[in-house]
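# Observations on the three-dimensional arrangement
Chain residues, written in single-letter form:
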Amino acid sequence: MRAGRAVAPLLCAIFFLSGAAGLLFESLWFRQAGLAFGNGVWATSLVLSSFMAGLALGNLLAARWRRLGARPIAAYAALEATIAASGVGLVLLLPRLGPLLAPGLGGLSEAPVLLNALRLAIAFALLVMPATAMGATLPLLVQALEVRTGSFGSALGRLYGWNTLGAVLGAVAGEAFLVAPLGVRGTALVAAGCNLAAGAGALAGGWGLAGAREAGEEPRRGDPHAPRVRLALAAAFLAGLTLLALEVVWFRFLHLFVRSSGLAFALLLATVLGGIGAGGLLGGAWLRRDPRAWRHAGWLACAAGALVAALYLGFAWVPALFAGRYLAKPAEILALAALLVLPVSLVSGALFPLLGAALGEELRPARRATGLLTFANTVGAGLGSLLGGFVLLPGLGMERSFFLLAALYLAVAALAERLARHAAAPLPRARWAAPAALGLALLVFPFGLMESHYLRIPARRATTDQTLVAVREGRTETSQLLRRDFLGEPVSHQLLTDGYRMAGTAVGGRRYMKLYVWMPVALRPEPKQALLVSFGVGSTARALADTRSLEHIDVVDISREILALSDLVYPPERHPLRDPRVQVHVEDGRWFLETTGRRYDLITGEPPPPKNAGVVNLYTREYFALVRSRLAPGGIHSYWLPVHQLSELDARSIVRAYCDVFPDCSLWTGTSLDWMLVGSNGARFARDEAAFTAQWRDPVVGPELAAVGFERPEQLGTTFLADADQLRSWTGDAPPVRDDFPKRISGPYPGPAARAVFTRFMDTGATAARFAASRFVREAWPAALRERTLGWFRSQALVNRLMADRAPTVPASERIATLDALLSDTDLRTLPLWALGVTGEQIEILERRLAAGLEREADHQAGLAPRDLAARRYDVAARRYGQLLRRHPRDREALTWRVYALARSGDLEEARAELRRARPWLAQAGGDQSDLAWIAERYGLGRPEGGPGGSAPPGGGGAPR
């Protein structure tokens, strides 16, 4: 056995390298398969099923094909070479396959069963060679090592463990280090190199240590239908099913607290694999000391189940969950994941070689036993992943899924216990302790903790003044709908997916999401066909449905549950999906574009953030080219660019990719750092002002334009940031985001410095100059409207200031100066309301409830004061604020606005008197009183005591009337 001791480290190192290559290839195949088949839940699940089926087939072939066992090392080397060649070929083929398959498969969109059957058949045909080769490698190396060491269980545990730990390296290395500099194809070559190195190392090392010839395998013996064999295989099947289903539920649960990204997914996967690999090594070491340690398998299964329940409860005390932020740093993600998944993964990993050792006592040779064991475990794992995503999460939810899967470990334990009894193995004396612990854990399982605690954490992180009204645990994500109320009536909704703030119907969200429609309709009036990729909370879809000229609207979203939540947002008569022109498609947006035969006058979209896992495929040059190919001649495309989530280089790379496809690209701001890209398929603009401004005269669209701050057509142009010529200078030598280089959108989220760069880019002095010099604007804007727009950029500066996200608190003097400029130099009403801290919706609710007698007149009439102030009814506003002050004599806000309204109405004496009466309590209150000082200085009221002096009024003014 001395040669065996020498060869074991070499084979373990070789299989570690093979595991790294395998995970690299697996991640690349799934990334590329998304381009070929789409990233919809059915498509990704079918690709996964095909991959697992290929692995299982390889396991089975290794168990049954005797010729493989005659020269296991040589056969292993050939398999590694096969994986390398077919793996690289698959990475190269899959992106080209999408355009070839799409026309044929797209016609089956109305027959989803047939479509998915064809997807499965094609995916299996493509993956069968490399996956089958992968599945056959473990049985062959176990035989080679078992021949040299004489310990089957130990050999199985060591090789299984080191291979899985190699997969940890592959999972992290590809996402964190390789794909960014080398691209997808370059990373595939690295993986192939690892496979070839593993095969060459096995040949060189294995032959040298074994002598001139490889040892032949022992004769086949054992009945595969014997009770012990059936019990061992059933336990391995159920253990694989349970752990993979748990992995699906774990990842969904952890995404409530961990910001979704490719790196985050890789780290979560690495944690599970690390636990499994370490458990396999521990199981192998245990079997080396005690070859019959497998009799403890039932105890281990019970321990795994008890840990599932206990860690679900204990996770509530993790301090990091209450930090008020997503966890995004790798160390934080690993620590959080380790607390929940590592112990169970460790125990489950040890269970695998123990069950193998039990099977090895009944079946020989080692290759046969390992092949059947891994076949059962792999089939179970494949079904477990489907069970978790398609049955447990949408049917039971996360909490009850945890309970059921913890209970399933009791079934694994029962099978292992029967296995030990059939073998007449001596059972541990305290064998009932573990089942008792699991039974107790199930008995006291903390039902209700998900609703009362875990789901509240992302809701609190998103907002402090909204109520959680609905939760949907679907196949693709956990969706939560929040609602903000005013006087008992809803004013806005906010959608969270996997704990992350997505779309909302608050005024800022509606402003930029509806701009995706209003801008293209202004540039190309009377569109007939429209496509929306990603529904969100429906603001963009509502804007499309409000566009009268549209005859057909396709809405594509990957999540059925998100679409269904809109029923809680819109009344039936205003529900965009109830419009007879709207056709809904639950599908991946890129796949839909590949397969549709329709051409559109308007295509728009607000997909999830580009750094979320799997979303980058909707921000690449190839995707934008696909979009342009589906535009009708002259059609317009608009797209979300959330620069608050991007570094400057990220944004420049996306814009570069976009402008490479759309030569007339332009960039606009919607709300703060939610920007918009616009391009066309060779549009020629008529520049007719009546057609350009028709939306403002529409009885439905016009009031909504005003409600979100576009009260005049001139304000549309003030959102301009840059056109193609100017963007070419800004993007410089930034490399475009491409399918092959998805990591050109970096992983880390930017800090304040990056946001400051974008804020400076939005400076309205610079944007006005770019607007005036823009070739695109001269071609697209009516000439007279263009000239008038130049005078309104100051109003956009106020919008930027009022809607700035993550900005420091605006000084009180600046706030009052902003309002004064709006009231003095514009005829706008919406922006003054925003400066006063209220929205038009709130005023409408109050007016409606007062008219219906639902509110006490004396208490709520003062709430209409902002309306009167914005309407320049200064005397009425002063009277209302006075009523409020009589009931609340030390209301600081009411005092400020009453003094200001009195000054604007010309009643300077009463304004001075109000200040004199307030001086005593103002001196006690302290704080920032620069707004009162500003009013006093501006209108000659004298300096109020008790606070710092004000600033001088701003020079100039707002936009002209």
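Anything mentioned here points back to the structure above.
The present account deals with the structure reproduced in this document. The numbers attached to residues start from 1 for each chain and follow its sequence in the written order. Owing to the predicted nature of the model, reporting of local features is limited to residues with pLDDT of at least 70; listing and counting of side-chain atom pairs is limited to 80 or more, with chain, interface and lining totals taken over all residues. Calculation of side-chain values draws on the structure's entire complement of heavy atoms; hydrogens and water are dropped beforehand.

Turning to the nonpolar core, a few remarks are in order. We define a nonpolar core as any set of buried Ala, Val, Leu, Ile, Met, Phe, Trp, Tyr and Cys residues linked to one another through side-chain atoms lying within 4.5 Å. Each residue is assigned to one of three classes by its accessible area relative to the maximum for its type, calculated with a 1.4 Å probe on protein chains only: buried under 20%, partly exposed between the two thresholds, exposed over 50%. By size, the foremost hydrophobic cluster in this structure holds 141 residues, and its most contacted members are Trp-675, Trp-781 and Leu-869. The leading source of residues in this core is helix 15 (residues 507-523), at 11 residues. Counting residues in each nonpolar core, the second largest holds 115 residues, with Tyr-76, Leu-138, Leu-238 and Tyr-409 among its members. Note on conventions: DSSP H or I runs of at least 4 residues are helices, E runs of at least 2 residues are strands, and numbering of each starts at the N terminus.

Pairing between strands requires that DSSP locate at least two bridges from one strand to the other. Strand order in the open sheet formed by 4 strands is 1-2-3-4, with antiparallel pairing between adjacent strands. If you trace the sheet from one side to the other, it starts and ends with strand 1 (467-473) and strand 4 (500-504), each paired once. For this sheet, the mean inter-axis angle between neighbouring strands, taken without regard to orientation, is 30°. Looking at chain direction, strand 3 (residues 489-497) and strand 4 are connected through 3 bridges and run antiparallel. By the bridge assignment for strand 4, Leu-496 is matched with Arg-501. Only the stretch in contact is used when fitting a helix axis, every axis being a line fitted to C-alpha atoms; angles between N-to-C directions are given from 0 to 180 degrees.

Pairing of aromatic rings covers Phe, Tyr and Trp, the last counted by its six-membered ring, and requires centre-to-centre distances within 6.5 Å; plane angles under 30 degrees mean stacked, over 60 mean edge-to-face, and any other angle means tilted. Using the criterion set out here, one finds 42 aromatic pairs in the structure. An angle of 35° between the planes, with centres 5.8 Å apart, marks the rings of Trp-675 and Phe-761 as tilted. With Trp-675 in strand 11 (residues 674-680) and Phe-761 in helix 26 (residues 752-761), this residue pair connects regions lying 86 residues apart in the sequence. On the basis of relative accessibility, which here comes to 0%, the residue Trp-675 falls in the buried class. Aromatic pair Trp-897 and Tyr-900: ring centres 6.5 Å apart, planes at 80°, arrangement edge-to-face. Within this pair, Trp-897 and its partner Tyr-900 are both found in helix 37 (residues 892-905), separated by 3 residues, close to a single helical turn. For the pair Trp-897 and Tyr-900, a shared accessibility class is recorded, and that class is buried. A connected cluster of aromatic rings, assembled from ring pairs, spans Phe-253, Phe-257, Tyr-312, Phe-315, Phe-402, Phe-403, Phe-445, Phe-447 and Tyr-454. Here the basic side chain of Arg-511 rests over the ring of Phe-710, its NZ or CZ set 4.0 Å away from the ring centre. Both a distance and an angle decide whether a charge sits over a ring: NZ of Lys or CZ of Arg must be within 6 Å of the ring centre and within 35 degrees of the ring normal. Over the ring of Phe-741 we find Arg-744; its NZ or CZ atom is 4.3 Å from the centre of that ring.

Along the polypeptide, Val-586 turns up in strand 7 (residues 582-586). C-alpha separation for the pair Val-586 and Thr-669, spaced 83 residues apart in sequence, amounts to 30 Å. Apart from residues lying up to four places away in sequence, Val-586 is in contact with Asp-557, Ile-558, Ser-559, Arg-560 and Leu-563. Every residue pair with non-hydrogen atoms within 4.5 Å of one another is taken to be in contact.

In what follows, salt bridge is the name for a side-chain nitrogen of Lys or Arg lying within 4 Å of a carboxyl oxygen of Asp or Glu. Inspection of every chain in the model, using the stated rule, returns 46 salt bridges. With its nearest N and O atoms 3.4 Å apart, the salt bridge here joins Glu-362 to Arg-228. One end of the pair, Glu-362, is in the loop between helix 10 (330-360) and helix 11 (366-422); the other, Arg-228, is in helix 7 (residues 227-254), with 134 residues separating them in the sequence. Residues Arg-873 and Asp-868 are paired through a salt bridge, measuring 2.8 Å at the closest nitrogen-oxygen approach.

All right, on to helix 36 (residues 874-887) then. The end-to-end C-alpha separation of helix 36 is 20 Å, in line with the 20 Å expected for 14 residues at 1.5 Å each. Within helix 36, the full set of buried residues consists of Tyr-874, Val-876, Ala-877, Ala-878, Arg-880, Tyr-881, Gly-882, Leu-884 and Leu-885. Contact partners of the buried residues in helix 36: helix 31 (812-825), helix 35 (865-870), helix 37 and helix 38 (908-925). Under the convention used throughout, the expected extent of a helix is 1.5 Å for every residue step, that is, one less than its residue count.

Right, let's get into a nonpolar patch on the surface. Taken together, the side chains of Leu-57, Leu-61 and Phe-124 present a nonpolar region at the surface, about 210 Å² in accessible area. Examined against the element boundaries, Phe-124 turns out to sit in helix 5 (residues 112-149). Patch membership is restricted to residues that have no salt bridge and whose relative accessible area is over 30%. Joining uses 9 Å for like charges and 5 Å for the nonpolar side chains Val, Leu, Ile, Met, Phe, Trp and Tyr. The Shrake-Rupley method, run with a 1.4 Å probe, gives the accessible areas here. Residue values count only the displayed protein chains as cover.

Only a pair of cysteine sulfur atoms within 2.5 Å counts as a disulfide in this structure description. Going through the model one piece at a time under the given rule, you end up with 1 disulfide. Note that Cys-659 is cross-linked by a disulfide to Cys-665, the S-S spacing being 2.0 Å. On the sign convention where negative means left-handed, the S-S torsion of about 100° between Cys-659 and Cys-665 marks this disulfide as right-handed. By relative accessible area, which is 0% here, Cys-665 ends up buried. Cys-12 supplies the cysteine sulfur nearest to Cys-194, a cysteine that is in no disulfide, at a spacing of 17 Å.

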